[in-house]
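Given next are the chains, with one letter for each unit.
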Amino acid sequence: MEASIDEIQNHYHRPNLYEIITGQLEKQNIDLKQVGRRDLSAVDEFHVRGAAVSEELATSIDLEDQNVLDIGCGIGGPCRMLADQFNCQVTGIDLSPEYIRTANKLSELVRLDHKTTFIQGNALDLPFQRHTFDAVWTQHVQMNVPDKKRFYAEIVRVLKPGGSFLYYEILKKGKSTLDFPVPWSNRPEFSFLFKSSEMHSLLENLDMQKIKTTDQTIAGIEFFEKMLARIHVQGPPLIGLNLLMGESTLLKISNLLKGLKEKALQLESGIYVKPDLN
Ligand SMILES: C[S@@+](CC[C@H](N)C(=O)[O-])C[C@H]1O[C@@H](n2cnc3c(N)ncnc32)[C@H](O)[C@@H]1O
């Protein structure tokens with residue numbers, strides 16, 4: 001197995017994640033027969049600004065009834081949101097077998113398993129025919145991927161002509177260095193950041209048409225500042241990203257926040273369309 005894949009799978013691996021999440025729900029006196037999708041959103045949206053940013057991205061184009069692929073879907077929160085709110089049929093793919101097991105079980109728990117499918121696999125070798133999806137979605141994944149050219153080429157290959165690509169990314173900005181660990185890596189050797197301009201030239205070289213980009217950095221800083229203030233007063237939440245990031249959660253968040261504030265990093269979301277040449 002390629003070294004970086006092995007390292008990334010280990011980085012995200014949390015044994016018994018589904019059982020831990022359901023145990024925490026029960027501690028909150030939530031009846032497991034009555035759990036709703038939104039009861040999970042503090043843990044199943046593993047990116048800066050959580051559920052709010054996913055909903056903003058989803059409403060920025062018409063995704064209703066579409067067949068969507070989420071690349072690096074984690075435990076599947078955004079997939080369930082797209083299935084539930086926009087009646088999408090959603091496939092999530094992720095490197096982590098434990099995340100995929102958890103994603104499937106959480107969809108069953110909230111009765112969305114008929115609209116979501118989760119598959120373990122690599123973004124660089126997508127097990128789908130060309131022109132399969134109406135939309136491809138990815139949030140906070142490419143920082144784990146060294147071969148950016150292949151990552152974006154795979155996205156464009158599986159997208160139907162006329163289909164949309166929606167992304168939300170952590171990107172390199174200035175020259176300042178980053179402190180580790182960060183949420184996506186414990187070590188600099190397995191963090192593969194690149195610049196927004198580099199991402200856009202890769203997509204343009206693949207003939208994709210830019211529709212919109214939004215700088216999310218300020219909103220991301222505010223989100224983390226509020227989260228850290230809350231943790232300072234109340235301690236770690238029963239259900240939160242701490243279940244995914246483990247003991248070093250505070251350090252990982254603080255290092256990411258520092259990177260954003262010092263302009264070493266930026267957050268950007270956006271939309272591209274694959275031209276329909278017929
Ligand atoms: C920070 S999490 C984001 C999860 C999800 N996109 C979300 O926003 O809730 C990054 C995810 O990317 C996945 N990942 C990293 N490299 C990948 C690859 N080459 N192929 C598929 N998934 C990958 C990881 O396993 C992890 O679940």
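**Student:** Looking at this model, I keep getting lost on the overall build of the chain. Mind explaining?
**Tutor:** Counting secondary structure elements, the chain contains 10 helices and seven strands. For 278 residues, the compact-globule estimate of 2.2 N^0.38 gives 19 Å, and the C-alpha radius of gyration of the chain, at 18 Å, lies within 12% of that figure. Dimensions of the chain, computed from C-alpha atoms along their principal axes, come out at roughly 55 × 45 × 40 Å. Residue pairs at least 24 apart in sequence account for 78% of intrachain contacts in the chain once pairs closer than 6 positions are excluded.

**Student:** How should unusual backbone geometry be read in this particular structure?
**Tutor:** Residues other than glycine predominantly adopt negative phi, and peptide bonds predominantly adopt the trans conformation. In this chain, F180 is followed by P181 through a cis amide linkage whose omega measures 10°. Along the polypeptide, P181 turns up in the loop between β5 (159-172) and α7 (196-205). Its identity as a non-glycine residue notwithstanding, H140 has a phi of 55°, on the positive side. Structurally, H140 can be placed in the loop between β4 (133-139) and α6 (148-158).

**Student:** When you look at the sheet that holds β5 in this model, what are you seeing that I'm missing?
**Tutor:** Hydrogen bonds along the backbone pair up the strands of a sheet, which may run parallel or antiparallel. Strand order in the open sheet formed by seven strands is β3-β2-β1-β4-β5-β7-β6, and the pairing between neighbours is mixed. The sheet terminates laterally at β3 (116-120) and β6 (209-215), the two strands that pair on one side only. Going from strand to strand, the sheet's axes swing by 15° on average, the running direction of each strand aside. As paired strands, β6 and strand β7 (residues 265-273) are joined by six bridges and run antiparallel to one another. When the bridges of β7 are listed, T213 appears paired with G270. Helix-sheet contacts for helix α5 (residues 97-109) involve β2 (89-94) and β3, and the interaxial angle to β3 is about 165°.

**Student:** It is not clear to me how the site of the ligand should be interpreted in this structure. Could you clarify?
**Tutor:** By nearness alone, 25 residues border the ligand, and F46, G72, G74, A123 and N144 come closest of all. Only α1 (3-12), α4 (77-86) and β2 provide two or more residues apiece to the shell around the ligand.

**Student:** When you look at α4 in this model, what are you seeing that I'm missing?
**Tutor:** In an α-helix, one full turn covers 3.6 residues, which means residues spaced three or four apart are oriented alike. Within α4, seven of the 10 residues are buried, leaving the element largely enclosed by the surrounding structure. Restricting attention to buried positions, one finds in α4 the residues G77, P78, C79, R80, M81, L82 and A83. Where the residues of α4 are buried, they touch α3 (50-59), β1 (67-71), β2, α5, β3 and β4. Following α4 by one or two positions, N87 adopts a phi angle in the positive range, close to 55°.

Reading the values: the criteria
- Residues numbered from 1 in each chain as written.
- Predicted model: local features only at pLDDT ≥ 70, side-chain atom pairs only at ≥ 80, totals over all residues.
- Helix = DSSP H or I, 4+ residues; strand = E, 2+ residues; numbered from the N terminus.
- Rg over C-alpha atoms; globule rule 2.2 N^0.38 Å.
- Contact = placed C-beta atoms within 7 Å.
- Pairing = 2+ DSSP bridges.
- Axes fitted to C-alpha atoms, helices over the stretch in contact; angles between N-to-C directions.
- Near = placed C-beta within 6 Å.
- Buried ≥ 20, exposed ≤ 12 C-beta atoms within 10 Å, placed from the backbone.

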